[in-house]
Amino acid sequence: MTKTSIESDFHTLAVAGVQGLQPYLPGKPIDELERELGISNILKLASNENPLGPSSNALRALQDPLQTLALYPDGNGFALKQKLAAILAIQREQITLGNGSNDVLDLLARSFLTTGRNAVFSEHAFAVYPIVTQAVGATAKVATAHPTGHNMPYGHDLEAMLALIDSNTRLVFIANPNNPTGTWLTADELERFMERVPQDVIVVVDEAYFEYVDEPEYPNTMLWIEHYPNLVVTRTFSKIYGLAGLRVGYAVSSIEVADLLNRVRQPFNVNTLALAAASAAIEDEDQVFVSAKVNQEGLQQWMQACEQYAWPYIPSVGNFICVDVGGDAQPVYDALLQQGIIVRPVANYKLPNHLRITIGTETQNTRCIATLKQVLKELR
Ligand SMILES: *Cc1c(COP(=O)(O)O)cnc(C)c1O
């Protein structure tokens, strides 16, 4: 047998859902572009990472656990859960820790989905939802992102999502705010949805950017779990807390759902360093406050630039903004790479004319805006 025929045999051996999977496309790593171009001073605004980095308390908290790396981590994450429970005013038993919140999304799919069942989510929603759904053989029911609600035309259409729910639906994924669009749902909109969704459908509200949102109508859904036991809220230390490299996130749910997720979870899915850093980070309110402030200013800077240069954009409440570059975004992305700037093409989200750009520091934003202006002048 030739090598290629063995490979194609393996393909047919995989379960059907895996055969059809589109791999997740991560932002291009800085090292990779450095190797390709032989330049330094690369600016990565591609993965919604915090340009200010983590809390210095979190970095200090990494020192002591270095002495214990021969030992397995605390598989129950006792200390971190204790702090989260106190700060979020929930019970420790409601928490499921994950190797990033993507891990928790995967646990939800593995716990509630299988062949013959389906998950409902929106067009342009976070790419991990279709991956975790398909990987377990379940069907993705994708609602067209359409003009109800205040954030048309790219935001979730909760009416359309409700209409897709059937007796085989077990999960609904809602990103609030959504990545890559930056669109969001108000407390009113989400509450009306929760009132109407069948109680045997688990609603996952993915709040990866919760701490960045500065809108009076934005809900604190965690307070609703007592009233809606089918609600699961996920958050992460990868975004505002600046700990993406350590991989730690969590779900808060009813105790019953958390018990199920924790059965499926690998026993040591969150490592010792991640647990230590997250425990320190959650207590550093200043780091969160400053990061949110710098992001608000950066969003303003970007929106002003978009207005000034007549670049259409999707209004965002996250730490990123989708800019319409007036045609196929791929050549614009490539030209920015040549200038040492990594952003994110979003054609895989059915947004072929947009680039998603992470909000950086003022200096970083200035460089990215100037370079984009120059690149668009050359290409358009
Ligand atoms: C970044 C992101 C996550 C979190 O990913 P981690 O696995 O926690 O790093 C979850 N949901 C959305 C919508 C995101 O953009």
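Preceding block: the structure.
One structure accompanies this document, and this report is about it.

Rules used in this analysis
- Residues numbered from 1 in each chain as written.
- Predicted model: local features only at pLDDT ≥ 70, side-chain atom pairs only at ≥ 80, totals over all residues.
- Heavy atoms only, no water.
- Phe/Tyr/Trp six-rings, centres within 6.5 Å; stacked < 30°, edge-to-face > 60°.
- Helix = DSSP H or I, 4+ residues; strand = E, 2+ residues; numbered from the N terminus.
- Buried < 20%, exposed > 50% of the residue type's maximum accessible area, 1.4 Å probe, protein only.
- Pairing = 2+ DSSP bridges.
- Patch = residues over 30% accessible without salt bridge, like charges linked within 9 Å, V, L, I, M, F, W, Y side chains within 5 Å.
- Areas by Shrake-Rupley, 256 points an atom, 1.4 Å probe, with all protein chains shown as cover.
- Salt bridge = Lys/Arg side-chain N within 4 Å of Asp/Glu carboxyl O.
- Polar contact = N/O pair within 3.5 Å; in protein donor to acceptor, adjacent residues only side chain to side chain.
- Contact = heavy atoms within 4.5 Å.
- Disulfide = S-S within 2.5 Å.
- Near = heavy atom within 4 Å.
- Nonpolar A, V, L, I, M, F, W, Y, C, P; charged D, E, K, R; others polar.
- Expected span 1.5 Å × (residues − 1).
- Axes fitted to C-alpha atoms, helices over the stretch in contact; angles between N-to-C directions.

The final tally for this structure, using the stated rule, is 13 aromatic pairs. Ring centres of F237 and Y250 lie 6.0 Å apart, and the angle between their planes is 50 degrees; this geometry places the pair in the tilted category. Here F237, found in the loop between β7 (231-236) and β8 (249-252), pairs with Y250, found in strand β8; they are 13 residues apart in sequence, far enough to count as distant. Here F237 matches Y250 in class, with each residue buried. Members of the aromatic cluster, joined through ring pairs, are Y24, F121, F126, Y129 and F173.

On to the pairing of strand β10 (residues 320-324). Buried residues dominate β10, accounting for five of its five residues. Here β10 shows no split at all, with F320, C322 and D324 on one side and I321 and V323 on the other all buried. Taking the residues between adjacent antiparallel strands as the criterion, strand β9 (residues 313-314) and β10 are bridged by five residues. Strand direction decides the pairing type here: β10 and strand β13 (residues 351-358), joined by five bridges, are antiparallel. Paired with C322 across the two strands is R356, which belongs to β13.

Attention shifts here to a nonpolar patch on the surface. A surface patch of nonpolar side chains, amounting to about 290 Å² of accessible area, comprises L52, F289 and V290. The topology assignment puts V290 in helix α12 (residues 285-309).

Our focus in this paragraph is the side chain of N178. With respect to the secondary-structure elements, N178 resides in the loop between β5 (169-175) and α9 (187-196). For N178, a relative accessible area of 0% translates into the label buried. Separated by 3.0 Å, the side chains of N178 and T181 make a polar contact. Every residue in contact with N178, bar those within four places of it in the chain, is listed here: H124, A125, F126, H156, T183 and F320.

Moving on to the state of the cysteines. Under the definition given, this model contains zero disulfides. Distance from the sulfur of C322, which forms no disulfide, to the nearest cysteine sulfur (C306) is 11 Å. Residue classification places C322 among the buried residues on the basis of a relative accessible area of 0%. Considering cysteine sulfurs only, C306 is the nearest to C368, which forms no disulfide, with 10 Å between them. Judged by its relative accessible area of 0%, C368 falls in the buried class.

Surrounding the ligand, one finds G100, S101, N102, F126, N179, D206, A208, Y209, T236, S238, K239 and R247. The contact in question runs from an oxygen atom of the ligand to an N or O atom on the side chain of T236, over 2.5 Å. K239 places a side-chain nitrogen or oxygen 3.2 Å from an oxygen atom of the ligand. Burial of the ligand by the protein chains amounts to 95% of its free accessible area of 380 Å². Tallied by class, residues from the shell around the ligand come to three nonpolar, six polar and three charged.

Further remarks concern helix α6 (residues 101-112). End to end, α6 covers 17 Å across twelve residues, agreeing with the expected 16 Å (1.5 Å per residue, within 8%). Within α6, burial applies to S101, D103, V104, L105, L107, L108, A109 and F112.

Moving on, we come to the sheet that holds β13. The strand order β9-β10-β13-β12 describes an open sheet built from four strands, whose pairing is antiparallel. Whereas interior strands pair on both sides, the edge strands pair on one side only; in this sheet they are β9 and β12 (344-346). Strands β9, β10 and β13 of the sheet are contacted by α12, whose axis makes an angle of about 10 degrees with β10.

Counting buried positions along β13 yields six of eight residues, so the element is predominantly enclosed. Bridge count for β12 against β13 is three bridges, and the pairing is antiparallel. Residue pairing for β13: P345 is matched across the bridge by L355. Connecting β12 to the antiparallel partner β13 that follows it, the hairpin turn spans four residues, and K350 within it adopts a positive phi of roughly 60 degrees.

This paragraph deals with the sheet that holds β8. Read from one edge to the other, the open sheet built from seven strands follows the order β2-β8-β7-β6-β5-β3-β4, with strand pairing classed as mixed. Of all the strands in the sheet, the pair left with one neighbour each is β2 (95-98) and β4 (139-143). Across the sheet, the axes of successive neighbouring strands diverge by a mean angle of 20 degrees, strand direction being ignored. In this structure, strand β3 (residues 118-122) lies alongside β5, joined through three bridges in parallel fashion.

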